[in-house]
Structures are given as structure tokens and as C-alpha cells.
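Notes for the structure review
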Amino acid sequence: PFTALSYVWGTYSPVPDVIVCNDVQFKVTSNLHSALQHLRRSLGKFTIWVDAICIKQENSEEKQKQIPLMSEIYSRAEYVYIWLGEGTARTDRAM
């Protein structure tokens, strides 16, 4: 069993956000960083499948093989969290 995150990639900020996973640093988009921070506050320590981390983004061959598998990955996940971005007063009202 595993958990996955589906999110809007967004862009890298001029000074990219960095996370550490198994002692390895990864540059991530601001939106992914925000999603992981929110999940960490809600869930505490957790393990999650994230495409930007689990698929080597600089390796075109790996991306070509892995991206078509993403629908299967999400459908087999026990839980999938969805992150559209930081809320605003307007989106909070809509929810």
C-alpha cells in the first residue's frame, strides 16, 4: 500500500525550494513544496509517491517509460491527495 500526490506543477521560483528525502536534496516547484508542507502539518511524518521525486526528471528515457504508468500508479494508490495550490479568500468561500 502507498499514498500518492497529484498536484499542479507550477513553476520554480528564482531561488528554488529544496526538500530532503533520504538524505538527498531535490529542487521542487513552490507549489509542490507548499503541498508537502501542508501534508506534513496535517499528517506528521509520512511516505508519499511524488512524480517529481520518484521519476528522474533529468533522464528523458526514464520519463518516457514512467509517465505512461502514472495513471496506473494513481489508481493503485491506497490514498491520493490532490493539491491545486494555496487557497485564497475566494477559493475558500467556494469550498
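Heads up: the structure comes first, above all this text.
Figured I'd write up the structure that's included with this text. Computed from a predicted model, the values in this text were never measured in an experiment.

Observations regarding the side chain of D51
Tracing the backbone through its elements, the reader meets D51 in helix α2 (residues 51-54). Although buried, D51 forms no salt bridge, and the nearest oppositely charged side chain, K63, lies 9.7 Å from it. Side chain to side chain, D51 and W9 meet in a polar contact 3.3 Å long. Excluding its chain neighbours within four sequence positions, the residues that come into contact with D51 are Y7, W9, Q57 and M70.

Some thoughts on the pattern of salt bridges
Under the counting rule described, the total for this entry stands at two salt bridges. E61 is the partner of K65 in a salt bridge, and the nearest nitrogen-oxygen pair spans 3.6 Å. In this pair, K65 and E61 are both assigned in helix α3 (residues 60-66), four residues apart and thus about one turn of the helix distant. Summarising the burial analysis for this pair, K65 and E61 share the class exposed. Put simply, E72 and R76 hold a salt bridge, and the shortest N to O gap is 3.1 Å. In this pair, E72 and R76 both sit in helix α4 (residues 70-76), four residues apart, roughly one turn of the helix.

Remarks on the side chain of N31
Within the secondary structure layout, N31 lies in helix α1 (residues 30-43). At 2.4 Å, the side chain of N31 and the backbone oxygen of V8 are in polar contact. When sequence neighbours within four positions are dropped, the list of residues in contact with N31 reads V8, W9, W83, L84, G85 and E86.

Rules used in this analysis
Residues numbered from 1 in each chain as written. Predicted model: local features only at pLDDT ≥ 70, side-chain atom pairs only at ≥ 80, totals over all residues. Heavy atoms only, no water. Helix = DSSP H or I, 4+ residues; strand = E, 2+ residues; numbered from the N terminus. Buried < 20%, exposed > 50% of the residue type's maximum accessible area, 1.4 Å probe, protein only. Lys, Arg positive; Asp, Glu negative; His and termini not counted. Salt bridge = Lys/Arg side-chain N within 4 Å of Asp/Glu carboxyl O. Polar contact = N/O pair within 3.5 Å; in protein donor to acceptor, adjacent residues only side chain to side chain. Contact = heavy atoms within 4.5 Å.

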